[in-house]
Every structure is written in structure tokens, then in C-alpha cells.
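# Notes for the structure review
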Amino acid sequence: LKNQIREALLSTLQMEPQDVRHTAALVLAKVAAIDLPRREWPNLISSLLANMSATPPHHGVRQATLETLGYVCEEMGAINEEVLAAEQINMILTAVVAGMRPDEPSDDARLAATTALQNAIEFAEHNFDNEPERNYIMQMVCQGTSARDERIRISSFTCLHEIAANYYAKLPPYMPEVFNISVKAINEDSEEVGLQAVEFWSTLCDIELDMVDDEDPAETSHHFIAAVVPHLVPVLLKQLTKQEEGQEQDDTAWNLAMASGTCLGLLARTAEDAIVQHVMPFVTENIGKNTTPEDWRLREAATFAFGSILEGPSPHSLAEIVRQAMGFLLAAMKDPHPYVRDTTAWTIGRVFEFQHDAGNSEVPELITRETLPQVAQ
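In short, a report on the structure. (Residues numbered from 1 in each chain as written. Predicted model: local features only at pLDDT ≥ 70, side-chain atom pairs only at ≥ 80, totals over all residues. Heavy atoms only, no water.)

### Comments concerning the overall build of the protein
- The number of helices and strands found in the protein is 18 helices and zero strands.
- Overall, the C-alpha framework of the protein stretches about 85 × 45 × 35 Å when taken along its three principal axes.
- Per-residue burial for the protein yields a buried fraction of 51% across its 377 residues.
- Considering only contacts within the protein whose residues lie at least 6 apart along the sequence, 69% involve residues at least 24 apart.
- For the protein, the exposed surface amounts to about 18,100 Å²; the carbon and sulfur share of it is 52%.
- Between the centroid of the 26 positive side chains of the protein and the centroid of its 57 negative side chains there is a distance of 5 Å. (Helix = DSSP H or I, 4+ residues; strand = E, 2+ residues; numbered from the N terminus. Buried < 20%, exposed > 50% of the residue type's maximum accessible area, 1.4 Å probe, protein only. Contact = heavy atoms within 4.5 Å. Areas by Shrake-Rupley, 256 points an atom, 1.4 Å probe, with all protein chains shown as cover. Lys, Arg positive; Asp, Glu negative; His and termini not counted. Charge placed at Lys NZ, Arg CZ, Asp CG, Glu CD.)

Dropping the structure here:
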């Protein structure tokens with residue numbers, strides 16, 4: 001009976017419409033999560049891969065098969081034991097990466113392959129240790145970031161997040177290209193793609209921050225963030241001016257401006273004092289700008305940028321800047337635009353959280369007889 005169920009599920013991948021095949025892919029992965037750890041259904045992977053090499057190719061079946069392989073890898077990743085043999089992993093990756101080629105005629109199949117790679121990345125240690133295989137995988141992922149289908153571009157950047165998280169040590173040869181494609185996406189692509197490009201750099205910040213916090217890190221930091229700060233910061237600052245009206249009232253809002261500010265904060269925590277010189281010219285130029293009605297965007301962006309770098313740099317490096325800014329920030333609480341006032345209040349809170357120390361003579365005294373009434377208001 002079990003074998004009949006398995007064969008029926010595999011045959012459902014051949015059926016119309018695509019929704020049926022998609023559901024079958026999900027069910028197949030759930031059954032695989034039960035059978036494979038028990039060493040049952042040994043021919044599952046080979047049966048799936050047969051769909052990929054069928055002649056003539058059926059794009060819908062290829063798509064469903066790639067979805068199944070991705071779901072199976074996702075299920076295996078949740079199991080704390082090695083279930084898939086090295087040969088099976090290699091066969092899966094070969095099929096998945098082949099489906100990611102730019103000449104793949106079906107965008108849906110290419111998307112399914114790219115999504116499958118996200119779930120398979122953690123199993124690809126052997127492949128990433130092999131330079132030619134690693135180069136080919138990276139080539140397919142990077143080419144996917146410029147695919148005609150937005151969904152593929154988004155998924156390709158998500159793959160880069162997973163690769164960075166799992167194979168940080170292997171990244172150095174690829175960073176120049178990754179930087180170029182990410183900056184292009186942030187500046188020129190849709191907001192959804194740009195968000196994933198920004199997230200790649202946030203992911204790298206998290207990785208390098210964890211290395212600093214770990215007393216005995218398993219890997220050596222390549223200091224990617226320190227190297228990229230002078231080039232990435234101007235790109236992020238530009239995005240801060242792309243606010244959405246009313247987003248200050250929506251706690252669930254998330255857009256390129258907010259993601260860029262968050263990334264800027266992570267850069268500051270990672271690069272510390274080195275980031276100040278790259279952010280402050282933008283802040284001083286724009287924080288008081290009030291020539292046109294749209295200049296509120298520049299004032300808010302400058303305030304957001306300043307608030308974002310208050311954690312990371314030493315209090316000493318920001319002491320004079322904070323001392324000069326405090327009066328200006330307090331006055332900005334009366335700015336005519338509510339978004340500027342909201343961000344200013346957030347920034348003042350961060351000033352007191354990260355730069356105020358009543359017992360430290362090296363940092364400015366922020367609450368004085370003159371400023372106390374304004375702070376209280």
C-alpha cells in the first residue's frame with residue numbers, strides 16, 4: 001500500500017493543472033520527511049530526477065519536480081541528522097543549478113530551481129569546497145539577479161543571503177561582482193528586489209558582528225563591511241529619501257528607506273568610528289534644509305541617518321557632534337512635518353541610550369539647566 005501511495009504521488013506531478021502538481025510537491029516532501037530518515041523510499045530522488053531529463057521536456061512537470069526537490073531539502077534541513085547521501089545531494093544540486101540557467105525556457109521552472117537552491121544550500125558543503133562547482137553555482141545565482149522575471153531576481157538575492165550565512169569564508173573572490181549587482185539593484189530595480197539587495201549587506205553585518213562577539217569564532221573575519229563602507233554608505237543614504245507618506249503611523253511598514261536605515265545602523269555597529277566621516281556630511285547638509293515643501297524628505301533622512309549611527313562609534317568620536325546636534329534636535333521636535341518629528345524623537349532617544357553617560361567626562365552633558373525644559377516637553 002505504501003508503494004502504491006508513493007507511485008500515485010509521483011504520477012500526480014505529471015497531472016494538470018499546475019495547482020495539482022504544486023500540492024503534490026508539498027505532499028511528497030512531507031512523506032519524504034517520514035520515509036527518508038527510515039531509509040525507506042530509496043528511489044525517490046532518482047525518480048524525481050528522471051522527470052528533469054525526460055524527452056521531450058514538460059516545463060510544468062520540471063517546475064513541479066524542482067519545487068519537490070526544494071521542499072524535500074527544506075524538510076531534511078529540519079531533521080537533526082544526515083539523511084541524504086552525498087551522491088543524492090550532488091544529483092539534486094546538479095538538477096537544481098541546471099534549472100537556473102538563463103536559457104531555461106520557463107521562468108516558472110527557473111524560479112522553482114532558484115527557490116530550491118535556497119533550501120539546498122546548507123547541504124552543499126562539498127560542492128562549495130570544490131572551486132569549479134562553487135564558481136558555477138555563484139555564476140548561476142549572480143546571473144539570476146538580472147533575470148527578466150522579478151521573482152527570480154528576488155529569489156537569487158535570497159540565495160546570496162543563504163550562501164553568505166553558510167559559506168562566508170568562500171566569498172572573497174565573488175565580492176566585487178556581488179557589490180556591483182547589489183548596488184545596481186538598490187539604485188535601479190524594483191523596491192522588492194532592492195530590499196533583498198540591502199538585506200544581503202545586513203546579513204553580512206550580522207555575520208561579522210557575531211564573529212566579534214564570539215570569543216573563539218569558527219571562521220576568520222574578512223572585514224567585508226569595513227572595506228565596503230565608503231562605497232555602500234552613499235548608496236544607502238540616497239535611499240533614505242524615498243519615504244512613503246504616513247509610514248510613521250504604520251508599525252508594519254517596511255520599505256527601501258527603512259531597510260537602508262536599518263542596514264546603516266548595522267554598518268555603524270560593525271565599522272564603528274570609521275562610518276562617521278561618511279555619514280555626517282549628508283547629515284549636516286540636509287538636516288536643516290527647508291527650501292521646498294518636499295525638503296522634509298531630506299530633513300527626515302538626515303535625522304534618520306544620524307540616529308542610525310549612534311550605536312557603534314565610540315562616544316568620544318561623536319561627543320562634539322552630539323553636543324552640537326542636541327539643541328538642533330530639540331528644536332526639530334516642532335518641525336511642521338509629522339514624519340520629521342517622529343524620527344527626531346527616535347533619534348533623541350538613541351542619543352540618551354548610546355551617547356549619554358553622566359559619570360563620563362569624555363561625553364557631553366546632555367541634560368543641563370538650559371535643555372531640561374525642552375527635553376521634558
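### Here's the deal with helix α17 (residues 338–354)
- The end-to-end C-alpha separation of α17 is 24 Å, in line with the 24 Å expected for 17 residues at 1.5 Å each.
- Within α17, burial applies to Tyr339, Val340, Thr343, Thr344, Thr347, Ile348, Arg350 and Val351. Looking straight down α17, one finds its buried side chains confined to an arc of 165°; they lie on one side.
- Buried residues along α17 sit against α15 (296–308) and α16 (315–332). (Expected span 1.5 Å × (residues − 1). Arc of directions from axis to C-beta.)

### As for the side chain of Ser221
- Considering the arrangement of structural elements, one finds Ser221 in the loop between α11 (191–213) and α12 (224–239).
- Looking at Ser221, its side chain comes within polar contact range of the main-chain nitrogen of His223, at 3.1 Å.
- If we skip the residues at most four places from it in the chain, Ser221 touches Tyr168, Glu208 and Met211. (Polar contact = N/O pair within 3.5 Å; in protein donor to acceptor, adjacent residues only side chain to side chain.)

### Observations regarding the pattern of salt bridges
- Inspection of the entire model under this criterion finds 17 salt bridges.
- The closest approach of N and O atoms between Arg101 and Asp103, which form a salt bridge, is 3.0 Å.
- The class of Asp103 is exposed, set by a relative accessible area of 55%.
- In this structure, Asp129 engages Lys170 in a salt bridge whose closest nitrogen and oxygen atoms are separated by 3.2 Å. With Asp129 in helix α7 (residues 125–129) and Lys170 in the loop between α9 (150–166) and α10 (175–188), the pair connects residues that are 41 residues apart, well separated along the chain.
- Classification of Lys170 by relative accessible area gives partly exposed; the value is 27%.
- Connected through salt bridges with shared partners, the residues Lys2, Arg6, Asp35 and Glu40 form a single ionic network. (Salt bridge = Lys/Arg side-chain N within 4 Å of Asp/Glu carboxyl O.)

### Focus on the environment of Glu74
- Within the secondary structure, Glu74 sits in helix α4 (residues 59–77).
- Residue Glu74 is classed as partly exposed on the basis of its relative accessible area of 46%.

### Thoughts on α15
- Taking 1.5 Å per residue, 13 residues should reach 18 Å; α15 reaches 18 Å between its end C-alpha atoms and fits that length.
- Trp296, Arg297, Arg299, Glu300, Ala301, Ala302, Thr303, Phe304, Ala305, Phe306, Gly307 and Ser308 are the residues of α15 that are buried.
- At its buried positions, α15 is contacted by α12, α13 (256–271), α14 (276–286), α16 and α17.

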